[in-house]
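Close look at the chain arrangement
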Amino acid sequence: MAPSTSFPTGVSEYTGQAPHITKPTELGYFSLSRQPGNPMVRRYHPDQRALLTLHRRGPDLVTERLDIDLTQGMDAFIDRGQAQKDAEHLDPILRWILENKRTFAQYRSKVNVICWRGRLTDLLVTPYNRKDTWTLVACNIDDIIYLSYVNESDKESKMDSTLEATVEKVPSLEDKRQTSRMYWGFKFEQVMTSPPGDETSLQKPVSNFESFQSVLYTKVGGYRGTGVLFGAEMDCLDPKKVPTKPPDCYVELKTCKGIEDESGMRSFCYHKLMQYWAQSFICGVPTILVGFRLDNGHVLSTDELPMSKVPLIAQANGDAWKPAVCQNFLNSFLQFVTVLVTESHEQ
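First, a word on what this report is: a plain description of the structure on this page. This is a predicted model, so every value here is computed, not measured.

**Here we look at the overall build of the protein**
The helix and strand tally for the protein stands at eleven helices and 13 strands. The C-alpha radius of gyration computed for the protein amounts to 21 Å, which stays within 12% of the reference 20 Å derived for 347 residues, consistent with globular compactness. Counted over contacts in the protein with a minimum sequence separation of 6, partners at least 24 positions apart contribute 73%. Here the protein displays about 18,400 Å² of accessible surface, and carbon together with sulfur accounts for 51% of that area. For the protein, the distance from the average site of its 39 positive side-chain charges to the average site of its 43 negative ones is 4 Å.

Structure below.
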């Protein structure tokens, strides 16, 4: 009998007590950088060379009266582009496994799924996300499920390749805004990991090729749950928490439009905080530093949010989403895909 391929995503299906999810353990790390002559592949480094250090702009959790211009250097932005991101798949994680066989062997019997952090984040927010869609490819090799993302837009681009060869697409106003917001996020990371007043560092072109990746293990769903080994990009190291054991020493950096009224606060809690929490929760990062900006890309203040308190902030402003629903969906889906792929593989 073929396994069921139907899976519900409604919020009402996943209410109740949250499953047990173990605190992630860092098994290792690696760095990635731009590969000269081959922009489709990033260079792998078995070290921490891409790990940056946070440079706060004030002693308090909230720092105001700032004027950080995130638009500087946008013309020189070195962007990987979606094609390069899609081409990478799980290759860097697999290389880490090959180069750390002894460490991997200690967890081999516990690992059911291998993926990037982004896939787990997508799953956590799915019950509340009715706007975005995603497609995953799952492959069973030696009783481990490898999960990777499939960009559906590739199908359209291939179908329209003949047209695109002769007619250059003109970016829409919204495309330009999205590009600007993306760049501002990377520029904010550059600013917050450069010492205040270090103009030399800030004059360097912003690139999203370089990244520091933590290799983590967690178990979703208690004793009989799903063991997950995954890679997660870490924005920076918190100097206040050195030599705290990873991932407790990492900080997630975010930018967001400033909050002007109650409506803006509700929108922030629903559309931003849930995503921030999901990204940080699944890999155990305790601190989220948010830069609040104007529409012109100038950051006027920063606020450090403890990851553990983010759901409470959301609840206090409308109870927009519940962590337990997110966690229950993640647990149920991982169990579902494990059974589905395993039974299909056996047949």
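**A few points about the pairing of strand β8 (residues 211-220)**
Consecutive side chains along a regular strand alternate between the two faces of the sheet. The buried count for β8 comes to nine of ten residues, which makes it a mostly enclosed element. With eight bridges connecting them, β8 and strand β9 (residues 226-233) associate as antiparallel partners. Residue pairing for β9: L216 is matched across the bridge by F230. Here β8 hands over to β9 after five residues, with G221 in that stretch at a positive phi of 105 degrees.

**Here we look at the packing of aromatic side chains**
This model, assessed by the stated rule, comprises 18 aromatic pairs. The ring centre of F209 lies 5.3 Å from the NZ or CZ of R34, which sits over that ring. Above the plane of the ring of Y223 lies K219, whose end atom (NZ or CZ) is 5.7 Å from the centre.

**Looking at helix α1 (residues 81-88)**
For α1, the full list of buried residues reads G81, Q84, D86 and E88. Directly after α1, the chain includes H89, whose backbone phi takes a positive value near 50 degrees.

**What to know about the packing of helix α4 (residues 117-125) against helix α9 (residues 262-283)**
Contact geometry for α4 and α9: axes closest at 9 Å, N-to-C directions at 130 degrees. Comparing their axes, α9 and α4 come out oblique. Of the two elements, α4 crosses α9, and the hand of that crossing is right-handed. Between α4 and α9, the contacting residues are R117, L120, T121, L124 and V125 on the first element and M274, Q275, A278, Q279, F281, I282 and C283 on the second. In terms of residue class, the contact of α4 with α9 is built from eight nonpolar, three polar and one charged.

**Some remarks on the sheet that holds β8**
Pairing is mixed across the open sheet formed by seven strands, whose spatial order is β2-β1-β8-β9-β5-β7-β6. Each having just a single partner strand, β2 (42-45) and β6 (135-141) make up the two edges of the open sheet. Each neighbouring strand pair of the sheet contributes to a mean axis angle of 25 degrees, computed without reference to strand direction.

**Side note on α4**
Structurally, the α-helix is built with 3.6 residues per turn, so residues lying three or four positions apart point the same way. Across the nine residues of α4, seven count as buried, placing the element largely inside the fold. What α4 keeps buried is the set R117, R119, L120, T121, L123, L124 and V125.

**A few points about the pattern of salt bridges**
Inspection of every chain in the model, using the stated rule, returns 13 salt bridges. One salt bridge in this structure joins D47 and R49, with 2.8 Å as the shortest N-O distance. Here D47 falls in the partly exposed class, since its relative accessible area comes to 21%. Here R49 falls in the exposed class, since its relative accessible area comes to 56%. In this structure, R80 and E88 form a salt bridge, with 3.5 Å as the shortest nitrogen-oxygen distance.

What counts, and at which threshold
- Residues numbered from 1 in each chain as written.
- Predicted model: local features only at pLDDT ≥ 70, side-chain atom pairs only at ≥ 80, totals over all residues.
- Heavy atoms only, no water.
- Helix = DSSP H or I, 4+ residues; strand = E, 2+ residues; numbered from the N terminus.
- Rg over C-alpha atoms; globule rule 2.2 N^0.38 Å.
- Contact = heavy atoms within 4.5 Å.
- Areas by Shrake-Rupley, 256 points an atom, 1.4 Å probe, with all protein chains shown as cover.
- Lys, Arg positive; Asp, Glu negative; His and termini not counted.
- Charge placed at Lys NZ, Arg CZ, Asp CG, Glu CD.
- Buried < 20%, exposed > 50% of the residue type's maximum accessible area, 1.4 Å probe, protein only.
- Pairing = 2+ DSSP bridges.
- Phe/Tyr/Trp six-rings, centres within 6.5 Å; stacked < 30°, edge-to-face > 60°.
- Lys NZ or Arg CZ within 6 Å of the ring centre and 35° of its normal.
- Axes fitted to C-alpha atoms, helices over the stretch in contact; angles between N-to-C directions.
- Parallel < 35°, antiparallel > 145°, perpendicular 65-115°, else oblique.
- Left-handed = near helix turned anticlockwise from the far one by under 90°.
- Nonpolar A, V, L, I, M, F, W, Y, C, P; charged D, E, K, R; others polar.
- Salt bridge = Lys/Arg side-chain N within 4 Å of Asp/Glu carboxyl O.

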